[in-house]
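Examining the three-dimensional arrangement
This is what each chain is made of:
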Amino acid sequence: MLEREAHLRRLAELLEESPVVAMIGARQVGKTTLARELVKQYGEAVHVFDLESSEDLARLADPMLALSSLGGLVVLDEVQRRPELFPTLRVLADRRPLPARFLVLGSASPALLRQSSETLAGRIAHYELPGFTLAETGAPNLPTLWLRGGFPASFTARSDAASVRWRRNFATTFLQRDIAQFGISIPGATLERFWAMLAHCHAQIWNGSELARAFGVSNHAVKRYLDALESTFMVRSLKPWSANLAKRQVKSPKVYVRDSGLLHRLLDIDTSGQLERHPKLGASWEGFIIEQIIQALDADERRCHFWAAHTGGEIDLLIQSGGKLRGFEVKRTSSPAVTRSMRNAFADLELDSLDVIHAGRDSFPLAKGIRAIAAQRMLEDLL
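Right, let's walk through the structure included here.

Parameters at a glance
- Residues numbered from 1 in each chain as written.
- Predicted model: local features only at pLDDT ≥ 70, side-chain atom pairs only at ≥ 80, totals over all residues.
- Heavy atoms only, no water.
- Helix = DSSP H or I, 4+ residues; strand = E, 2+ residues; numbered from the N terminus.
- Buried < 20%, exposed > 50% of the residue type's maximum accessible area, 1.4 Å probe, protein only.
- Contact = heavy atoms within 4.5 Å.
- Pairing = 2+ DSSP bridges.
- Axes fitted to C-alpha atoms, helices over the stretch in contact; angles between N-to-C directions.

**Some details on the environment of glycine 208**
- Mapping glycine 208 onto the fold places it in helix 12 (residues 208-215).
- Separated by 19 residues in the primary sequence, glycine 208 and alanine 189 place their C-alpha atoms 19 Å from one another.

**Quick word on the environment of proline 240**
- Counting through the fold element by element, proline 240 comes out in strand 7 (residues 235-240).
- Overall, proline 240 belongs to the partly exposed group, its relative accessible area being 22%.
- The spatial distance from the C-alpha of proline 240 to the C-alpha of phenylalanine 306 is 5.1 Å, given a sequence separation of 66 residues.
- Not counting the four nearest positions on each side in its chain, proline 240 is found in contact with Val250, Lys251, Ser252, Pro253, His305 and Phe306.

**Focus: the sheet that holds strand 5 (residues 124-128)**
- Ordered by their spatial adjacency, 5 strands build an open sheet running 2-3-4-1-5, and the pairing between neighbours is parallel. Looking along the sheet, the strands with just one partner apiece sit at the ends: strand 2 (46-50) and strand 5. Across this sheet, the average inter-strand angle for adjacent strands is 15°, counted without regard to direction.
- Looking at chain direction, strand 1 (residues 20-24) and strand 5 are connected through 5 bridges and run parallel. In the sheet register, isoleucine 24 faces strand 5, and the bridge partner there is glutamate 128.
- Here helix 2 (residues 31-41) sits on the sheet in contact with strand 1, strand 2, strand 3 (72-77) and strand 4 (100-106), set at roughly 160° to strand 4.

**Let's talk about unusual backbone geometry**
- Following arginine 96, the chain continues into proline 97 via a peptide bond in cis, with omega recorded as -5°.
- Along the chain, proline 97 falls in the loop between helix 5 (85-93) and strand 4.
- Phi angles above zero are rare outside glycine, and phenylalanine 233 is one such case at about 70°.
- Residue classification places phenylalanine 233 among the buried positions, given a relative accessible area of 12%.
- The residue aspartate 298 is not glycine, and still its phi comes out positive at about 50°.
- Assessed through its relative accessible area of 68%, aspartate 298 is described here as exposed.

**Side note on the pairing of strand 8 (residues 254-257)**
- Residues Lys254 and Tyr256 point to one face of strand 8 and Val255 and Val257 to the other, with burial holding for every one of them.
- Two strands pair when backbone bridges link them, and strand 6 (residues 204-205) and strand 8 are joined in this way by 2 bridges, in the antiparallel orientation. Bridge pairing in strand 8 links isoleucine 205 to lysine 254.
- Pairing of strand 7 with strand 8, which is carried by 4 bridges, proceeds in the antiparallel orientation. Across the sheet, serine 237 pairs through a bridge with valine 255, a residue of strand 8.

Here it is, written out as structure tokens:
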């Protein structure tokens with residue numbers, strides 16, 4: 001198993017700053033494993049409750065009685081099973097001096113995020129744990145990470161075939177069991193069909209009307225399906241950037257299956273050879289690289305956008321940070337070049353920089369303010 005030291009350090013920092021820290025992320029992304037590593041390093045008393053354990057659930061029958069006497073670090077795993085714990089945590093987090101801090105782990109659901117934010121406002125810090133990234137696997141493992149995705153069990157599987165089996169089983173469990181446990185009232189079969197259709201629309205502008213017609217349901221219904229997959233970290237909706245321009249700009253989001261391995265499973269891509277021949281090759285590469293950029297720069301997801309004009313200009317990713325607006329174009333080529341569209345977007349949006357991430361070996365300047373960056377060198381050259 002790969003070490004995840006950067007995440008451990010950040011969790012430790014947040015626990016010093018906030019009485020309650022919620023580590024959220026997709027199922028099987030490694031939250032419990034990371035919490036165990038944190039527990040080993042924690043210098044004070046630690047108390048762990050697994051809310052999938054009937055014994056621990058019984059101990060928490062009276063949560064105030066069970067938790068109020070504890071000191072040090074209290075870990076509550078799978079907290080989405082007991083959202084009624086949040087009012088108790090609010091009371092315990094307001095004690096002074098503070099005898100205990102709380103680390104709650106949950107696969108995010110709409111109810112979990114809403115209730116934790118509302119009940120523990122000002123007392124809780126949220127930390128999203130992603131799958132493995134290039135910073136953790138190393139650039140030489142980029143092809144494997146792209147094919148298999150970042151779920152730890154998928155990436156570290158003994159073979160591509162074993163990785164495919166894991167992802168197939170994960171998708172089945174997610175649809176048949178997890179969705180209902182998250183309080184999402186959408187039949188698994190319906191969501192499976194929608195998810196598969198969404199994979200074929202990966203990296204495209206969201207067209208709810210077209211999907212609604214294909215399903216024979218309302219626009220509102222397919223938006224509810226999208227929200228369910230987005231809130232459980234299966235899908236990313238990249239919001240459009242709106243600039244003060246005379247051009248008509250796209251106002252609908254672009255939609256991506258967040259994990260490239262799950263995208264490939266939905267598209268029946270099992271091997272690198274199949275991926276290289278697949279018509280969604282470029283779209284898959286775009287989504288994979290966008291996720292890596294966001295993680296490498298530790299970007300605030302609320303400040304990540306794309307931009308497109310109806311006349312044809314487009315920037316795959318815009319990140320606003322520190323008063324600067326950075327643009328990123330993703331190209332599945334070994335010989336990137338500056339296009340007229342790039343130059344126009346660079347000028348129109350007044351970008352501070354534009355980086356073209358490509359599949360070649362070298363990074364080099366393309367024009368003033370515009371660089372070509374090799375995907376293998378992203379970690380060194382993006383910062």
